[in-house]
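Chain by chain, the residues:
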Amino acid sequence: MSRKFMINSHESGITAQLKGRRRGFTAIATVGIAASLVLAGCSSGSDDASSGGDNPLTGSTATNMQGKSLTLGYSRIGGWPPSAAPEAMFPAFQAYAKENYGYDVDLTFAEAPFGELFQKIAPTLAAGSQEFNIMIVDSQWLGALAEPGWIVPADKIYDLNPELDIEPFSSLVASTYQVYPDGSGQRWGFPQMPDTQGVFLRLDMLEDPANQAAFEAEYGKPLPTTYEEYEEIMMDDFVEIVAFFNDQDNGMYGTALQYSKDYDFFSCAYYPFAYSRGGEIWNPDTNQIYGVLNSDVNAAAMEEFVGLKKYQPASFATQGIGEVVDLFTTSQAFSAFQWLAIGKFMIAPELEGKVLAIPLPKFEGPDGKPKIVGAMGGQPWVVNSFNDDDHMRVSVDFLKWWYLPETQDSFILENGGLPWSKEGLNNETYLNSAPYVRPFKYMLEEGRSVDFWHVPEYAQMLAVQQEAWNGYAAGTVSSAADALEYTAAKQQEILFNSGRSEEPPPEGTASLTLQ
């Protein structure tokens, strides 16, 4: 998804290329889904809630699928363990379908990395294919999948199957995995794997008496060792601990974060540094980016984020999810900022009992008070609107099975999943099942995390900023301010050219280059 841009070395900089023109901003109405959008599939059954049990969107009955055999196709994110769990768990669904509805079902799937999966499934949907009956997708893709009518509105399924409409732990679940357009309340997705950000620490190093004595001698205060202490720690204090354990001469880095230009790796790792200090990336009500993203607050946050490179390998600018996992699990890094959804895989067998997982450290917010706002991760299920009746029934049956308590037990307790419902996150068995569940719950509280754009232009906008922001980390873009200026102008151009914003980009954007 990344694009290549010419590097321009004009001494005047990106800001000068734009001639310093900060244009006024016109409020616009959010461009939503056309009111006429209709369900494309389910041709043999009415899709309104009054049609009764023969509607494919209600799933199977005791008789209408008896004796049939079919294959359920699903898409998943390659290299992302939570997406692979449904395959491992599928024999339980086969037994469920046979016992309750009398049909046999096999599973097929296709997978691709985060940055490539959309390009794999989109052509099949554009062709009206049911190759993938039910799909795990990234949350940012909701708009691109919903606007063309490629996926079934989740509300249609909820209306007919109210047992699936489970109360979420917080509004972040709906706003991230379900609703498009933002704020509309119209739901398209079903939560599959929720995700928030946290930090993994070497507890054994923290608890070492020699380290505790040395830290107190150097900093004049005790070394924090408990979850409760780290839940309230400020970033400046946390960096002191990172610096203390940074011993590169002996093969131990203080920390590891993601700066890679692949997919959204840099972006999501950087966002908490900006959000928590009051930075914003756009105005979602007006689709204004230029003049919002390119702020002094965001530039200072990016400088701080990239400044942590001194505690990391020289190759830090190429680090993504996998590289951070490797650095931590091979005992090359004392700490690692990471998605909590892969907590199970951050704790190698030899590190059992030696790892502490915590929420992201806090920053000083605009009001001077401690604040943390992380980036939301995670994926929803979506249902192909081109499914024939039988495959639609099986897709709904699968969702009914997926949200059964015993299925969620298997997903969370045996396969590294995370709960997202109010009931699930108040389940002590879940909370105590792994060290990363507690910080996940903390970061899923109202106001502590936020997702970003869900518009169909997501991929274009992301490619622009990943190239520019990674360029600053790699040293090919001269400053954080230039990286943000370029990004804001180009993203405003994308939204203006697509008709999603009435605010034009600044003069000179078309010829603007990175430097």
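Residues numbered from 1 in each chain as written. Predicted model: local features only at pLDDT ≥ 70, side-chain atom pairs only at ≥ 80, totals over all residues. Heavy atoms only, no water.

This next bit is on helix H8 (residues 209-219). An α-helix turns once every 3.6 residues. As a result, residues three or four positions apart point the same way. Backbone nitrogen of Ala210 and a side-chain oxygen of the N-cap are separated by 2.8 Å at the start of H8; the cap is Asp208. Looking one or two residues beyond H8, the residue adopting positive phi is Gly220, at roughly 70°. (Polar contact = N/O pair within 3.5 Å; in protein donor to acceptor, adjacent residues only side chain to side chain. Helix = DSSP H or I, 4+ residues; strand = E, 2+ residues; numbered from the N terminus.)

The next point concerns the sheet that holds strand E7 (residues 355-359). Overall, antiparallel pairing links the three strands, which are arranged E6-E5-E7 in an open sheet. With one partner strand each, in any of the chains shown, strand E6 (335-339) and E7 form the two edges of the open sheet. Recorded for the sheet is a direction-independent mean angle of 30° between the axes of neighbouring strands. Pairing geometry for strand E5 (residues 197-202) and E6, over five bridges, is antiparallel. The residue bridging Leu201 from the neighbouring strand is Ser335, located in E6. Strands E5, E6 and E7 of the sheet are contacted by helix H10 (residues 235-245), whose axis makes an angle of about 130° with E6. (Pairing = 2+ DSSP bridges. Axes fitted to C-alpha atoms, helices over the stretch in contact; angles between N-to-C directions. Contact = heavy atoms within 4.5 Å.)

As a further point, take helix H20 (residues 480-497). Counted at 1.5 Å a residue, the expected span for H20 with its 18 residues is 26 Å, and the 26 Å between its end C-alpha atoms agrees. Of all 18 residues in H20, 15 are buried, a share of seventy percent or more. Downstream of H20 by a residue or two, Gly499 has a phi angle that is positive, lying close to 80°. (Expected span 1.5 Å × (residues − 1). Buried < 20%, exposed > 50% of the residue type's maximum accessible area, 1.4 Å probe, protein only.)

This brings us to the pairing of strand E1 (residues 69-77). When you tally the buried positions in E1, you get seven out of nine residues, the bulk of the element. Traced from E1 through helix H2 (residues 81-101) to strand E2 (residues 104-112), the parallel crossover comes out right-handed. Pairing geometry for E1 and strand E3 (residues 134-136), over two bridges, is parallel. Bridge pairing in E3 links Tyr74 to Ile134. (Right-handed = clockwise from strand over helix to strand, strands pointing away.)

Looking now at the confidence of the model for the protein chain. Overall, the predicted model of the protein chain reaches an average pLDDT of 91, with 90% of residues at or above 70. Counting interchain partners and residues more than four positions distant, the pLDDT-below-50 stretch residues 1-52 has 131 contacts. (pLDDT = per-residue confidence, 0-100.)

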